[in-house]
Amino acid sequence: MIERILERTFLLFLSSGFAKTNTDQIAKHIGISKRTLYKYYDTKDKLIDSVFELMRSKVQAKFDKVLQDKAKDPIDRLKEILFFISDLGSKMSKTFAKDIEMVRPDLFITMREFRKQRILSLADLLREGQKAGQIRKDVTPELTIDILLAAVDGILNPTYLFQSPYSNTMAFDAIVTIFLEGVQEKH
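Residues numbered from 1 in each chain as written. Predicted model: local features only at pLDDT ≥ 70, side-chain atom pairs only at ≥ 80, totals over all residues. Heavy atoms only, no water.

Under an unreviewed UniProt entry, the protein has the name AcrR family transcriptional regulator and belongs to Leptospira haakeii.

Here it is as structure tokens:
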């Protein structure tokens with residue numbers, strides 16, 4: 001039941017944000033009574049914290065799975081991770097992004113640091129790709145990942161996205177395309 005509550009609440013928050021979403025709307029979206037919701041989460045903040053913890057654990061599990069899958073070549077694993085992040089970002093409304101930054105700055109800081117650590121872990125994939133001849137040898141993995149991180153932080157932040165005419169998906173897809181085209185060895 002808890003996982004169902006968190007999964008459905010996460011989807012609602014992604015599309016509608018959480019600042020103005022009340023517990024009546026949450027319970028209705030999940031298909032449970034408000035009383036049942038309060039049985040598991042007696043405050044909305046506890047529910048929000050749990051939703052974010054679930055999201056972090058799912059993202060970490062996906063990263064771990066892809067990074068450890070040595071059956072795929074490094075560039076395919078890099079693409080899989082970047083497209084996974086892009087897909088997740090495409091589900092995030094601008095309202096959700098703004099809510100994180102304005103209503104729960106503690107979560108905003110936590111999520112930004114979490115994202116940074118996940119992206120930094122991609123340097124090893126770049127090194128593997130260099131050994132396999134897929135990534136340019138003149139690319140410094142750590143610097144390249146720092147550049148990717150700066151692009152992600154600069155474009156995929158609530159302030160920019162809320163004022164921008166571009167969707168999360170469009171912005172991240174542009175970052176991924178430019179990044180991959182810049183690091184891949186030309187054959």
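> Looking at this model, I keep getting lost on the pattern of salt bridges. Mind explaining?
As a working rule, side chains carrying opposite charge can pair if their charged atoms are close by. Per the counting criterion, the structure on display carries 16 salt bridges. The shortest N-O distance in the salt bridge between Lys58 and Glu3 comes to 3.9 Å. With Lys58 in helix H4 (residues 44-68) and Glu3 in helix H1 (residues 2-16), this residue pair connects regions lying 55 residues apart in the sequence. A salt bridge links Arg104 to Asp49; its shortest N-O distance comes to 2.6 Å. A residue pair is termed long-range when its members are at least 10 positions apart, and Arg104 in the loop between helix H6 (94-103) and helix H7 (105-120) and Asp49 in helix H4 qualify at 55 residues. On the basis of relative accessible area, Arg104 is assigned to the buried category, the value being 10%. A relative accessible area of 33% places Asp49 in the partly exposed class. A single network of salt bridges, built from pairs that share partners, joins Asp45, Asp49, Arg104 and Asp106. (Salt bridge = Lys/Arg side-chain N within 4 Å of Asp/Glu carboxyl O. Helix = DSSP H or I, 4+ residues; strand = E, 2+ residues; numbered from the N terminus. Buried < 20%, exposed > 50% of the residue type's maximum accessible area, 1.4 Å probe, protein only.)

> Help me understand the UniProt feature "DNA-binding region" (unreviewed entry) in the protein, please; the structure alone is not making it clear to me.
In the numbering used here, UniProt assigns the "DNA-binding region" (unreviewed entry) feature to residues 22-41. Its end C-alpha atoms 13 Å apart, residues 22-41 is made of 75% helix and 0% strand. (UniProt positions renumbered as here; feature names shortened; annotations may be inferred.)

> Explanation requested: a nonpolar patch on the surface in the structure shown.
Together, Tyr160, Tyr166 and Met170 line one region of the surface with nonpolar side chains, adding up to about 290 Å² of accessible area. Here Tyr160 shows up in helix H10 (residues 158-163). (Patch = residues over 30% accessible without salt bridge, like charges linked within 9 Å, V, L, I, M, F, W, Y side chains within 5 Å. Areas by Shrake-Rupley, 256 points an atom, 1.4 Å probe, with all protein chains shown as cover.)

> What's the story with the packing of helix H9 (residues 141-155) against helix H11 (residues 168-183) in this structure? I'm lost.
A pair of packed helices is captured by two measures, namely the crossing angle of their axes and the spacing between those axes. One can describe the packing of H9 onto H11 by two numbers: an axis separation of 10 Å at closest approach and a directional angle of 165 degrees. It follows that H9 is roughly antiparallel to H11 by the angle criterion. Relative to H11, H9 is oriented so that their crossing is right-handed. On H11, the residues that touch Thr144, Ile145, Leu148, Ala151, Val152 and Ile155 of H9 are Ala171, Phe172, Ile175, Phe179 and Val183. (Axes fitted to C-alpha atoms, helices over the stretch in contact; angles between N-to-C directions. Parallel < 35°, antiparallel > 145°, perpendicular 65-115°, else oblique. Left-handed = near helix turned anticlockwise from the far one by under 90°. Contact = heavy atoms within 4.5 Å.)

> For this particular structure, what's the right way to read the packing of aromatic side chains?
Each aromatic ring pair is specified by the distance between its two centres and by the angle formed by the two planes. Taken as a whole and assessed by the stated rule, the structure comprises four aromatic pairs. Consider the rings of Phe18 and Phe96, whose centres lie 6.1 Å apart with planes at 80 degrees: the pair is edge-to-face. Residue Phe18 is located in the loop between H1 and helix H2 (23-30), and its partner Phe96 is located in helix H6; the two are separated by 78 residues in the primary sequence. By relative accessible area, which is 1% here, Phe18 ends up buried. For Phe96, a relative accessible area of 2% translates into the label buried. Each member of the aromatic cluster is reached from another via a ring pair, and the members are Phe13, Phe18, Phe52 and Phe96. Just above the ring of Phe114 sits the side chain of Arg118; from NZ or CZ to the centre is 4.5 Å. (Phe/Tyr/Trp six-rings, centres within 6.5 Å; stacked < 30°, edge-to-face > 60°. Lys NZ or Arg CZ within 6 Å of the ring centre and 35° of its normal.)

> Explain helix H8 (residues 123-131) here, please?
Count 3.6 residues to each turn of an α-helix, and residues three or four apart come out pointing the same way. Those residues of H8 lying buried are Ala123, Leu125, Leu126, Gly129 and Gln130. The arc that holds every buried residue of H8, seen down its axis, measures 155 degrees, which confines them to one face. Of the surrounding elements, those touching the buried residues of H8 are H4, helix H5 (74-90), H7, H9 and H11. Downstream of H8 by one or two residues, Gly133 has phi in the positive range, about 80 degrees. (Arc of directions from axis to C-beta.)

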